[in-house]
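Listed here are the chains, written in short residue letters.
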Amino acid sequence: MRLVILLIFINVAAVAQNVGDISFDPKTDDPKFQVCNPKQVWQGYQLKSKQDETPIMVAREFRSKFRSNPAWKNESGLIRIRFLVNCSGVADRFRLLELDPDLKEKEFNADLKAHILGIAKSISWPPRRAYNQTVDYYHHVSVRIVNGELSDIVQ
Amino acid sequence: MKKTLAIFFLFIATTVSAQTDCRDVTHLMQRLWKHETGSAAWKKVSDSVLSICPNAARLWGDRGQAYMFRGEFVEGMRSLSQAAKLDPYYFLGSRAWSRMHYLHDYKGAISDLDTLENNVGGSYYYVTSMHMYILKGLSYEQLGNYQKALELYTIAIDQQVKEKGENWVGSYDYLHRGILRYKMEDYDGAIEDLTRQVTEYETLADTYYYRGLAYAAVGRKEEAKVDLLHSKELILGTGQRRWEGVFVIPNEVYLSNVENALLKIY
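1. Quick look at the pairing of strand S2 (residues 77–85) of chain A
All names here are of chain A.
- For S2, a buried count of nine out of nine residues is recorded, marking the element as mostly surrounded by other parts of the structure.
- Residues Gly-77, Ile-79, Ile-81, Phe-83 and Val-85 point to one face of S2 and Leu-78, Arg-80, Arg-82 and Leu-84 to the other, with burial holding for every one of them.
- As paired strands, S2 and strand S6 (residues 137–146) are joined by nine bridges and run antiparallel to one another. What sits directly across from Arg-80, in S6, is Ser-142.
- As defined by bridge partners, S2 adjoins strand S3 (residues 91–99) across seven bridges and the pair is classed as antiparallel. Looking at the pairing, Ile-79 lines up with Glu-98 of S3.
- Between the antiparallel neighbours S2 and S3 lie five residues, among them Gly-89 with a positive phi of about 85°.

This is the structure we're talking about:
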């Protein structure tokens, strides 16, 4: 009986997932990080405004902080970083999607991945507002790597 | 035996019902539109309608966009490719558009548009609301092949004028060519195109920004100042600037760009 209830619970939980939701992973995520309203986490694109300049800031941060390494010269493709920003403007639960130039999943050099992730984590992601209060939201940004160099920031 | 017959009739009824539903994909799309795209409720309906109609391109296209919005590019592209396979006339263009905007995969976008052009048997074809050569030109522009981009923009504009008249030129076509001409240092050409764009869309901040830069480049400082100040006013006020929630558009203009240009010139 317990097994049945557990299976139903797992099934409901799986069905209830929105596209792109990120669950807590104790191996990588900060256990102290909390969202303010777990019942409603927004998507960053729902909260942009006409005067939002975040993409300029993000591109500047990646371009100024990226340092190439000769060991990465054979690395090319797209690294997408998706994460959660809570209502206080704290970001966590970063997840990478690594794609080759033909958009097939691959694994990049571990140091290169760590470097990209470090830059993403160092950015002050802005708190966003909806209905006159700051809210939690998902966001993502991608970087294109060509022969180990940062060639483009896709956002 | 009774049980077997019951299952058989249930199967027939389900199949007939599925076929009936599949003739009205718009109805299924309306079921999807009741929910926020990409939400759990949307996903449930998307899974359900695709199990009923796995060959409906629009359902795959909708699913692809939802995944692309949220950065789930593998599933997004898989769904868009399925849509393009089922309806290459519409969804090859849609996939090209997605490659360009969500992934900056300009070579992939050009390849899709070339295939689309072969399928259609000509270039006078719209992708979303844009002449396919404008989209292809934007891809070449982003790859740095300005000459090819200029050639494509010009064909697109001329074709629309010739076939249907000046009013049928796309909303931003002169803007795209004007920006490109500015980048190619053809400042007089840029001013000409951007002035046409002003006539087309008077409250768009982007046009005044780029025309201001072009005026400044040829020493017409006073006109540059007027345009840049007007661009700033439009962004801060009730005017428009081109922007999208889900991606940054090519040659997007921000308030800080306009303010920096004003500082640089004056």
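Now that the structure has been shown, we can carry on.
2. Some remarks on the packing of aromatic side chains
- Taken as a whole and judged by the stated rule, the model has 15 aromatic pairs over all chains.
- Ring geometry for Phe-83 of chain A and Trp-125 of chain A: centres 4.6 Å apart, planes at 45°, overall tilted. Of the two residues, Phe-83 of chain A is situated in strand S2 and Trp-125 of chain A in the loop between helix H3 (110–122) and strand S4 (128–130); the sequence distance between them amounts to 42 residues. The same class applies to Phe-83 of chain A as to Trp-125 of chain A, namely buried.
- Between Lys-148 of chain B and the ring centre of Tyr-140 of chain B, over which it is positioned, the NZ or CZ distance is 5.9 Å.
- The aromatic ring of Tyr-266 of chain B is capped on one face by Lys-225 of chain B, whose charged end is 5.4 Å from the ring centroid.

3. Thoughts on helix H14 (residues 255–265) of chain B
- Of the residues making up H14 of chain B, those classed as buried are Leu-255, Ser-256, Val-258, Ala-261, Leu-262 and Ile-265 of chain B.
- In the core, the buried residues of H14 of chain B are packed alongside helix H2 (54–65) of chain A together with helix H12 (205–217) and helix H13 (221–236) of chain B.

4. Quick notes on the confidence of the model for chain B
Residue and element names in this part refer to chain B.
- Within chain B, residue pLDDT values average 93, and 92% of them lie at 70 or more.
- Here residues 7–20 scores under 50 on pLDDT; set against residues more than four positions off or in separate chains, the count is two contacts.
- At the level of chain-chain contacts, confidence expressed as ipTM amounts to 0.89, with global pTM at 0.90.

5. Focus on the environment of Lys-73 of chain A
Residue and element names in this part refer to chain A.
- Position of Lys-73 relative to the elements: it lies in the loop between H2 and S2.
- Given a relative accessible area of 55%, Lys-73 falls into the exposed group.
- Put simply, Lys-73 and Ile-145 are 72 residues apart on the chain and 9.7 Å apart in space, counted from C-alpha to C-alpha.
- Beyond its immediate chain neighbours, meaning those up to four positions away, Lys-73 contacts Asn-147 and Gly-148.

6. Focus on the confidence of the model for chain A
- For chain A, mean pLDDT is 91; residues scoring 70 or higher make up 90% of the total.
- Counted against residues more than four places away or in other chains, residues 3–15 of chain A, with its pLDDT under 50, gives two contacts.

7. Here's the deal with the side chain of Asp-227 of chain B
Residues and elements named next belong to chain B.
- Structurally, Asp-227 can be placed in helix H13.
- Judged by its relative accessible area of 4%, Asp-227 is buried.
- Ignoring anything within four residues of it in the chain, the contact list for Asp-227 reads Tyr-208, Arg-211, Gly-212 and Tyr-215.

8. Quick word on the pattern of salt bridges
All names here are of chain B.
- As enumerated under the stated definition, the model contains 28 salt bridges over all chains in all.
- For Glu-75, the salt bridge is made with Arg-63, and the minimal N-O distance between the two is 3.5 Å. In this pair, Glu-75 is assigned in helix H5 (residues 73–86) and Arg-63 in helix H4 (residues 57–69), connecting sequence segments twelve residues apart.
- Residue Arg-63 is classed as buried on the basis of its relative accessible area of 9%.
- Measuring nitrogen to oxygen at the nearest pair gives 2.6 Å for the salt bridge that ties Lys-136 to Asp-114. Remark: Asp-114 occurs in helix H7 (residues 106–120) and Lys-136 occurs in helix H8 (residues 132–142); sequence separation between them is 22 residues.
- Each of Lys-43, Asp-47, Arg-63, Glu-75 and Arg-78 takes part in salt bridges that share partners, so that together they form one network.

9. Considerations on the nonpolar core
- Residues Leu-59, Phe-73, Tyr-102 and Leu-103 of chain B are the most contacted members of the largest nonpolar core, which totals 57 residues.
- Here this core takes seven residues from helix H6 (residues 88–103) of chain B, the largest share from any one element.
- Excluding its chain neighbours within four sequence positions, the residues that come into contact with Phe-73 of chain B are Leu-78, Arg-80, Leu-97, Leu-99, His-140 and Ser-142 of chain A together with Met-68, Tyr-102 and Leu-103 of chain B.
- Ranked by size, the runner-up nonpolar core spans 27 residues in total, among them Phe-66, Trp-72, Phe-83 and Trp-125 of chain A.

10. Some details on the interface of chain B and chain A
- Opposite the 40 residues of chain B that make contact, chain A presents 31 residues.
- Taken together, the two surfaces of chain B and chain A that pack against each other cover about 2800 Å², and 56% of this comes from carbon and sulfur.
- Inspection of the region where chain B meets chain A yields one salt bridge.
- A salt bridge links Glu-72 of chain B to Arg-80 of chain A, with the nearest nitrogen and oxygen atoms 3.5 Å apart.
- At the boundary of chain B and chain A, one finds 20 residue pairs in polar contact (both at pLDDT 80 or more).
- Every element with two or more residues in the side of chain B that touches chain A is listed here: helix H3 (40–52), H4, H5, H6, H13 and H14 of chain B.
- The residue inventory of the side of chain B that touches chain A, partitioned by class, reads 20 nonpolar, eleven polar and nine charged.

11. Remarks on the state of the cysteines
Residue and element names in this part refer to chain A.
- This structure, assessed with the given rule, holds two disulfides over all chains.
- Note that Cys-36 is cross-linked by a disulfide to Cys-87, the S-S spacing being 1.8 Å. Given an S-S torsion of about -70°, the disulfide between Cys-36 and Cys-87 has left-handed geometry. In this pair, Cys-36 is assigned in the loop between helix H1 (2–15) and strand S1 (42–43) and Cys-87 in the loop between S2 and S3, connecting sequence segments 51 residues apart.

Conventions used here
Residues numbered from 1 in each chain as written. Chains lettered and ligands numbered in written order. Predicted model: local features only at pLDDT ≥ 70, side-chain atom pairs only at ≥ 80, totals over all residues. Heavy atoms only, no water. Buried < 20%, exposed > 50% of the residue type's maximum accessible area, 1.4 Å probe, protein only. Helix = DSSP H or I, 4+ residues; strand = E, 2+ residues; numbered from the N terminus. Pairing = 2+ DSSP bridges. Phe/Tyr/Trp six-rings, centres within 6.5 Å; stacked < 30°, edge-to-face > 60°. Lys NZ or Arg CZ within 6 Å of the ring centre and 35° of its normal. Contact = heavy atoms within 4.5 Å. pLDDT = per-residue confidence, 0-100. Salt bridge = Lys/Arg side-chain N within 4 Å of Asp/Glu carboxyl O. Core = buried A, V, L, I, M, F, W, Y, C linked by side-chain atoms within 4.5 Å. Buried area = accessible area lost by both parts, 1.4 Å probe. Polar contact = N/O pair within 3.5 Å; in protein donor to acceptor, adjacent residues only side chain to side chain. Nonpolar A, V, L, I, M, F, W, Y, C, P; charged D, E, K, R; others polar. Disulfide = S-S within 2.5 Å.

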